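Examining the three-dimensional arrangement
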Amino acid sequence: MSFAIHPLTPDRWPALEDLFGPAGAVNGCWCMHGRIGAAYRRRPRTRNKADFRAVVQQGPPPGLLAFAADDLAVGWCQLTPRTALPELDRNWRLRAVDDVPVWALSCLYIRKGWRRRGVSAALIEGALRAAKRAGAPALEAYPFDAAVSPSASGSGYASTFARLGFRTVARRIPARPIMRHDLAGIGG
């Protein structure tokens, strides 16, 4: 199945709202966890939504949307320079491996009914191209390793990233590798 991958720009905000639904995906996070940590849980969902909308309106686009043939948004990935997500460095499991100015693919959300249909892979492939076009030297991800932990994942699964050429650069706990893809060989 083929998906159209587009950056989340202000004009595409309604598609993200529809994808995330009234609750705001992943318990009202609205992709604020990487920016403010667990504090997103103590705030009203409406505030998380408003703050993330401000990020989108300010630009550059903080991620990518996957659309099915009928223009239905079926998936999302947050894609940004790692420095835009300070919570990653506050979490010892995900702390920076080195000083390379990587971009981060920190979360994936796939619409129910569309999971296990290739949406995650399409978003990851789109993220590789977008990060390369933006001049990033590498793209990093923080998935779960389903072979080690049965946890559900809002950050994807290590097997999907490995299949797309990511390699593990650190593993501070067994279930959560830090994976990276060098972008030198990727076409923009």
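What you are looking at is a predicted structure, and each value in this text was computed from that prediction instead of being measured.

1. A word on the confidence of the model for the protein chain
Predicted confidence across the protein chain gives a mean pLDDT of 93, with 97% of residues reaching 70 or more. Averaged pLDDT values over the elements of the protein chain bottom out at 92 in helix 2 (residues 33–36) and peak at 98 in strand 2 (residues 63–67).

2. Here we look at the sheet that holds strand 6 (residues 167–171)
The seven strands are arranged 1-2-3-4-5-7-6 in an open sheet whose pairing can be described as mixed. The two strands at the open ends of the sheet, each matched to only one other strand, are strand 1 (4–7) and strand 6. Neighbouring strand axes in the sheet, compared pairwise and without regard to direction, differ in orientation by 30° on average. One ladder, built from five bridges, connects strand 2 with strand 3 (residues 73–81); its direction is antiparallel. Bridge pairing in strand 3 links Ala 66 to Gly 75.

3. Some details on the pairing of strand 2
The element strand 2 is extensively covered by neighbouring structure, given that five of its five residues are classed as buried. Burial along strand 2 is two-sided: the face carrying Gly 63, Leu 65 and Phe 67 and the face carrying Leu 64 and Ala 66 are both buried. Strand direction decides the pairing type here: strand 1 and strand 2, joined by four bridges, are antiparallel. Opposite His 6, over in strand 2, you have Leu 65 as the bridge partner.

4. Focus on the environment of Trp 13
Topologically, Trp 13 is positioned in helix 1 (residues 13–20). Judged by relative accessible area, Trp 13 falls into the buried class, the value being 1%. Separated by 150 residues in sequence, Trp 13 and Arg 163 have C-alpha atoms that sit 31 Å apart.

Definitions and cut-offs
- Residues numbered from 1 in each chain as written.
- Predicted model: local features only at pLDDT ≥ 70, side-chain atom pairs only at ≥ 80, totals over all residues.
- Heavy atoms only, no water.
- pLDDT = per-residue confidence, 0-100.
- Helix = DSSP H or I, 4+ residues; strand = E, 2+ residues; numbered from the N terminus.
- Pairing = 2+ DSSP bridges.
- Axes fitted to C-alpha atoms, helices over the stretch in contact; angles between N-to-C directions.
- Buried < 20%, exposed > 50% of the residue type's maximum accessible area, 1.4 Å probe, protein only.

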